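# Observations on the three-dimensional arrangement
Letter by letter, the chains look like this.
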Amino acid sequence: QVQLVESGGGWVQAGGSLRLSCAASGMIFGIYTMGWYRQAQGKQRELVARIANDGSANYADSVKDRFTISRDNTKNTVYLQMNNLKPEDTAVYYCKLERRLLHPYWGQGTQVTVSS
């Protein structure tokens, strides 16, 4: 019943922008910390950005000055605005609903490809 559905991935040229969306359902969205993670080919999944229910956010150093995470609790949606994209940003991006004691929920992932 809990579902996270990502959208907005695609192909862009280096220096371009994309906005990812993650629509959540089946939970009380507004109480949870949400995150964006990514996994490039041959690499471990890594945190990109995280936003708590009070709106506080943190970012990986590699994206700190380029990406912005936000949320709209009335729409049960978390966003990731990605600017000045670089080829090293190429990865599958996953939406994650954080839980303290139980397993988290993950979206299906959306591919972001940045060409040189």
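Note that the structure is predicted; figures quoted are calculated from it, not measured. (Residues numbered from 1 in each chain as written. Predicted model: local features only at pLDDT ≥ 70, side-chain atom pairs only at ≥ 80, totals over all residues. Heavy atoms only, no water.)

### Some thoughts on the packing of aromatic side chains
- Per the counting criterion, the structure on display carries two aromatic pairs.
- Ring centres of Tyr37 and Trp106 lie 5.2 Å apart, and the angle between their planes is 65 degrees; on these two criteria the pair is classed as edge-to-face. Of the two residues, Tyr37 sits in strand 4 (residues 34-39) while Trp106 sits in strand 10 (residues 105-106), which places them 69 residues apart along the sequence.
- We classify Trp106 as partly exposed; its relative accessible area is 34%.
- Among the aromatic residues, those joined into a ring-pair cluster are Tyr37, Tyr94 and Trp106.
- Stacked on the ring of Tyr94, the Lys or Arg Arg45 has its end atom at 3.8 Å from the ring centre. (Phe/Tyr/Trp six-rings, centres within 6.5 Å; stacked < 30°, edge-to-face > 60°. Helix = DSSP H or I, 4+ residues; strand = E, 2+ residues; numbered from the N terminus. Buried < 20%, exposed > 50% of the residue type's maximum accessible area, 1.4 Å probe, protein only. Lys NZ or Arg CZ within 6 Å of the ring centre and 35° of its normal.)

### Some words on the nonpolar core
- Core analysis: the biggest nonpolar cluster contains 28 residues, and Trp36, Val78, Leu80, Met82 and Tyr93 have the highest contact counts within it.
- Within the residue set of this core, elements represented by two or more residues are strand 3 (18-25), strand 4, strand 5 (46-51), strand 7 (67-72), strand 8 (77-82), strand 9 (91-97) and strand 11 (110-115).
- For Met82, the contacting residues outside a window of four places in its chain are Gly16, Ser17, Leu18, Leu20, Arg66, Phe67, Tyr93 and Val112. (Core = buried A, V, L, I, M, F, W, Y, C linked by side-chain atoms within 4.5 Å. Contact = heavy atoms within 4.5 Å.)

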